Amino acid sequence: MPGDTVIPMTAPLGRVLTAMVTPMTPDGCVDLDAAAALATYLVDQGNDGLVVNGTTGESATTSDDEKLALLEAVVAAVGSRATVIAGVGTNDTAHTLELARQAHGAGVDALLVVTPYYNKPPQEGLLAHFTAVADATPLPNVLYDIPGRSGVPIATDTLLRLGAHPRIVAVKDAKGDFWGATKVMAQTDLLWYSGNDADDLLHLALGATGFIGVTSHIATPQYVQMLQAWDAGDVQRAREIHRELVPVVDAVMNITQGAIMSKAALVELGVLRHLEVRLPLVPASPEQRTLLAAGMNASGVGQAAVAR
């Protein structure tokens, strides 16, 4: 059974984490009951941590009050069973500090802080921003390095400097600079998480702690098994699972935006009832859902229905 797949808690923030979508009602309101149920489902499947209010949670279009309500709902649902990490990053340091303090008050375990986006700060600005957030609460901070969305990478030297801060404890790496990641892991104690589903096995080979994923909404058992195989030294089995996941990762991450397809996949499995996302995102089309179902079936994920 999926709930029987348990991985050892050898990392304080967890090892298999999902960046959770924000369920919504047909009229576009945040559905807190569905969020609590989804969090429970994900932990039952084998996640030992969840990220709430991240990019996949449509944080760009939820209000601060909605973000707080989501955190409170998820902490109440699964906070005793898994780590809950709050996405608090914005492109405004003052606003980010407000969200960090709000999340701390909600009882989360850690903060995910994305590189400020759109305004393209210099590296000294990034250093000052991340340091200010880390100084704002007692919570551990996970830096989220995703230049494809933010427009600016966190340079290796900047990561090395930030790694000296006692509350900056981890990196979610969606940059794909594997040589830079090697340098940082070699010279700091930062925990490393793959932030790009296609790169998970590559990051494990370099010494990563685990994954913060999107496809894990529907394939957590496979990710748990890949990590267990790797830990056991069974590289061949880990590679087989990595390759088995190719169709579903492509379906969730490469047909269109990941939050759109994650919600569609959860609807296919009957975990969510509604496809709704907020503009400028739009729900998955019937054609996209057909491709998604094919990818899920090809990877053996659930019993994906053929899209209508």
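These figures come from a predicted structure and were not determined experimentally. (Residues numbered from 1 in each chain as written. Predicted model: local features only at pLDDT ≥ 70, side-chain atom pairs only at ≥ 80, totals over all residues. Heavy atoms only, no water.)

Can you break down the UniProt feature "active site" (unreviewed entry) in the protein residue by residue, with the values?
The residues that UniProt annotates with the feature "active site" (unreviewed entry) are Tyr144 and Lys172. Spanning 29 residues, the named residues form one tight spatial group whose C-alpha atoms are at most 4.7 Å apart. Relative to the helices and strands, tyrosine 144 is located in strand 5 (residues 141-145). When near neighbours in sequence (up to four residues on either side) are disregarded, tyrosine 144 contacts Thr55, Leu112, Val113, Val114, Thr115, Ile154, Lys172 and Ala174. Looking at the secondary structure, you find lysine 172 in strand 6 (residues 168-173). When near neighbours in sequence (up to four residues on either side) are disregarded, lysine 172 contacts Ala19, Leu112, Val142, Leu143, Tyr144, Asp145, Tyr193, Gly195 and Ile212. (UniProt positions renumbered as here; feature names shortened; annotations may be inferred. Helix = DSSP H or I, 4+ residues; strand = E, 2+ residues; numbered from the N terminus. Contact = heavy atoms within 4.5 Å.)

How would you explain the pattern of salt bridges if you had to name every residue and give the values?
By the definition in use, this model includes 10 salt bridges. The partner of aspartate 135 in a salt bridge is arginine 167, with the nearest N and O atoms 3.7 Å apart. Remark: arginine 167 occurs in the loop between helix 6 (156-162) and strand 6 and aspartate 135 occurs in helix 4 (residues 123-136); sequence separation between them is 32 residues. Overall, aspartate 135 belongs to the partly exposed group, its relative accessible area being 47%. (Salt bridge = Lys/Arg side-chain N within 4 Å of Asp/Glu carboxyl O. Buried < 20%, exposed > 50% of the residue type's maximum accessible area, 1.4 Å probe, protein only.)

Residues and numbers for the environment of threonine 188, please.
Within the fold, threonine 188 resides in the loop between helix 7 (178-187) and strand 7 (191-194). Accessibility expressed as a relative area gives 13% for threonine 188, which makes it buried. For the pair formed by threonine 188 and leucine 160, sequence separation is 28 residues and the distance between their alpha carbons is 6.9 Å. At 3.2 Å, the side chain of threonine 188 and the backbone nitrogen of leucine 190 are in polar contact. (Polar contact = N/O pair within 3.5 Å; in protein donor to acceptor, adjacent residues only side chain to side chain.)

Can you lay out the sheet that holds strand 7 for me, pointing to particular residues and giving the numbers?
The strand order 1-2-3-4-5-6-7-8 describes a closed barrel built from 8 strands, whose pairing is parallel. Averaged over all adjacent pairs, the angle separating strand axes in this sheet is 25°, with direction ignored. Across 4 bridges, strand 2 (residues 49-52) lies against strand 3 (residues 83-87) in parallel orientation. Looking at strand 3, one finds that valine 52 is bridged to alanine 86. (Pairing = 2+ DSSP bridges. Axes fitted to C-alpha atoms, helices over the stretch in contact; angles between N-to-C directions.)

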